[in-house]
Amino acid sequence: MRILITGGAGYIGSHVAKALIERGGCELSILDNLSTGSQATLEALARMGSFQFFHNDLSNKEALSEIFSRNRFDLILHFAASVEVFESVQNPLKYYFNNTLNTAQLLDVALEYGVKKLIFSSTAAVYGEPREIPKEGIDEEHPLKPINPYGQSKIMSERIIQDVARAHPDFKFVILRYFNVAGADLQGRIGQATPKATHLIKIAAECASLKRPWMEIYGEDYPTPDGSCVRDYIHVEDLAQAHVRAMEYLIRGASSDIFNCGYGRGYSVKEVVQKSKEVSGVDFEVRMGGKRAGDPAILVAQSAKIREKMGWEPLYDDLALIIKSAYEWERGRW
Ligand code: UDP
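**As for the pairing of strand β1 (residues 2–6)**
The element β1 is extensively covered by neighbouring structure, given that 4 of its 5 residues are classed as buried. Where β1 and strand β2 (residues 27–32) come together, 5 bridges link them in parallel fashion. The partner of Arg-2 across the bridge, within β2, is Glu-27. Where the polypeptide runs from β1 across helix α1 (residues 11–23) and back to β2, its parallel neighbour, the crossover connection is right-handed. Pairing between β1 and strand β4 (residues 75–78): 4 bridges, direction parallel. By the bridge assignment for β4, Ile-3 is matched with Leu-75.

Have a look at this one:
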């Protein structure tokens, strides 16, 4: 299998690259513009196994075509994207260019060079503010009503992929809708290296590692048990394995489909902050802040489908373990 990972120097892409290196049986190529992905992550991956690296932006069609013409990829894992909800509210066009248009461009080149399989990183943000939240979480059939440009840019990408698959019956895809991904390689070799990251567990890990003097909780009057937002946090190692399963699913000829990736259990921002203090033993300063634009109150996944259809079984469904791996990685990278 010749595999192209776009965004492979980034957080989730690099953990999937690691999982594929460990699995073996793949020739890996990573394409990344290194806007948020890091050279250090690539170096850490290179110590685990070999891959080709292309320092390119997906918007550069000429360069993309050149890469595809020289490499006959069997499957693409497409991670390269902008991923911050609040930034997408302030700068929506960045999201429509980087996420939606670049996905269309990648598909165009992929079709031209006969690539027939795609695994696409999507997000729970496509669901928006769930209308009612069943106890077992939101399933894949839940109405799609994104409340921020990030979610919009991803749902448009999903629809483009689905339309392409309808027009080209031998083109198959798996769309994975991630809930809140956190944690790091359990051996501490790679982690969430994105500069100026805005994600909760990363920020709490920076506070606990004394790299940040304090943090804010964005809103405490949401309609949730303690007033702060509730999210379903999934360990990046479990998410990486979901991609390995998705790849095997496509290889065995299964039909195109969409799957949630989460544990089906929600934790509030306040619970995450408290657990970060317990795990690290550091009582960092926490301030109450205003609500952040674009944040839904509760997002929890129903993940029965991926478990049943792909046999995915998470190994690290444990908030303390997720936080511990994020914290230990953060502390180790001064
Ligand atoms: N959050 C917070 N303080 C921070 C970062 C995040 O209170 O410094 C909250 C945020 O408002 C949201 C939750 O934590 O309710 C998860 O946010 P994150 O950015 O990690 O992921 P998102 O759900 O936006 O993809």
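We are not done yet, so read on.
**Brief notes about the side chain of Glu-206**
In this fold, Glu-206 is placed in helix α7 (residues 200–208). In terms of polar contacts, Glu-206 uses its side chain to reach the side chain of Arg-212, at 2.8 Å. Once residues within four sequence positions are removed from consideration, Glu-206 is found in contact with Lys-211, Arg-212 and Glu-330.

**With respect to the sheet that holds strand β14 (residues 298–299)**
An order of β12-β9-β14 is seen for the 3 strands of this open sheet, with the pairing classed as mixed. Where the open sheet ends on each side, the last strands, each with one partner, are β12 (267–268) and β14. Here 2 bridges tie strand β9 (residues 230–231) to β14, and the two strands are oriented parallel to one another. Counted as the bridge partner of Arg-231 is Leu-299 from β14.

**What about the sheet that holds strand β5 (residues 117–123)?**
Each strand in a sheet pairs with another by means of backbone hydrogen bonds, the pair being arranged parallel or else antiparallel. On the basis of which strands lie adjacent, the open sheet formed by 7 strands has the order β3-β2-β1-β4-β5-β6-β11 and parallel pairing. The open sheet has two free edges, formed respectively by β3 (52–55) and β11 (257–261), since each of these has just one partner strand. Sheet twist, expressed as the mean angle between neighbouring strand axes with direction ignored, is 20 degrees. Where β4 meets β5, 3 bridges bridge the pair, whose relative direction is parallel. Across the sheet, His-78 pairs through a bridge with Phe-120, a residue of β5. Along the sheet face, helix α8 (residues 236–251) touches β1, β4, β5, β6 (172–178) and β11 and points at about 160 degrees away from the line of β6.

**Considering α8**
Residues that lie three or four places apart on an α-helix share one face, since the helix turns once every 3.6 residues. Taking 1.5 Å of rise per residue, 16 residues should cover 22 Å, and α8 covers 23 Å from first to last C-alpha, within 8% of that figure. Among the 16 residues that make up α8, 12 are buried, leaving the element largely enclosed by the rest of the structure. Every buried residue of α8 is accounted for by Val-236, Glu-237, Asp-238, Leu-239, Ala-240, Ala-242, His-243, Val-244, Ala-246, Met-247, Tyr-249 and Leu-250. Positioned one or two residues after α8, Gly-253 has a phi angle of 85 degrees, which is positive.

**Points about the pairing of β5**
Of all 7 residues that make up β5, 6 are buried, and the element is covered over most of its length. Two elements, β5 and β6, share 7 bridges in a ladder whose sense is parallel. Along β6, the bridge assignment pairs Phe-120 with Ile-175. Since β5 and β6 lie parallel, the crossover through helix α6 (residues 149–167) that links them has a hand, and here it is right-handed.

**A word on the packing of helix α3 (residues 61–70) against helix α5 (residues 92–112)**
Running from amino to carboxyl end, α3 crosses α5 at an angle of 35 degrees, the nearest separation of the two axes being 10 Å. Note on packing geometry: the crossing formed by α3 with α5 is right-handed. Counting all contacts with α3, which are made through Lys-61, Leu-64, Ser-65 and Phe-68, the residues of α5 involved are Gln-105, Leu-106, Asp-108, Val-109 and Ala-110. For the contact of α3 with α5, the per-class residue count stands at 5 nonpolar, 2 polar and 2 charged.

**Quick notes on the environment of Arg-231**
Relative to the helices and strands, Arg-231 resides in strand β9. On a C-alpha basis, the gap between Arg-231 and Tyr-267 in space is 5.6 Å, while along the polypeptide they are 36 residues apart. Not counting residues within four places of it along the chain, the set of residues in contact with Arg-231 comprises Asn-180, Arg-265, Gly-266, Tyr-267, Asp-295, Pro-296, Ala-297, Ile-298 and Leu-299. Polar side-chain contacts of Arg-231 include one of 3.4 Å to the backbone oxygen of Ala-297.

**Examining the site of the ligand**
The local shell around the ligand holds 15 residues, among which Leu-200, Glu-216, Tyr-218, Arg-231 and Asp-295 are the closest. Note that an oxygen atom of the ligand is positioned 2.9 Å from one of the side-chain N or O atoms of Asn-180. Residue Arg-231 places a side-chain N or O atom 2.8 Å away from an oxygen atom belonging to the ligand. For the shell around the ligand, the elements supplying multiple residues, two or more each, are α7 and β8 (214–218). Take the shell around the ligand: its biggest share by element is 3 residues, from β8. Counted by class, the shell around the ligand contains 8 nonpolar, 3 polar and 4 charged residues.

Reading the values: the criteria
- Residues numbered from 1 in each chain as written.
- Predicted model: local features only at pLDDT ≥ 70, side-chain atom pairs only at ≥ 80, totals over all residues.
- Heavy atoms only, no water.
- Buried < 20%, exposed > 50% of the residue type's maximum accessible area, 1.4 Å probe, protein only.
- Helix = DSSP H or I, 4+ residues; strand = E, 2+ residues; numbered from the N terminus.
- Pairing = 2+ DSSP bridges.
- Right-handed = clockwise from strand over helix to strand, strands pointing away.
- Polar contact = N/O pair within 3.5 Å; in protein donor to acceptor, adjacent residues only side chain to side chain.
- Contact = heavy atoms within 4.5 Å.
- Axes fitted to C-alpha atoms, helices over the stretch in contact; angles between N-to-C directions.
- Expected span 1.5 Å × (residues − 1).
- Left-handed = near helix turned anticlockwise from the far one by under 90°.
- Nonpolar A, V, L, I, M, F, W, Y, C, P; charged D, E, K, R; others polar.
- Near = heavy atom within 4 Å.

Bear in mind that shape data such as this cannot, by itself, settle questions of function.
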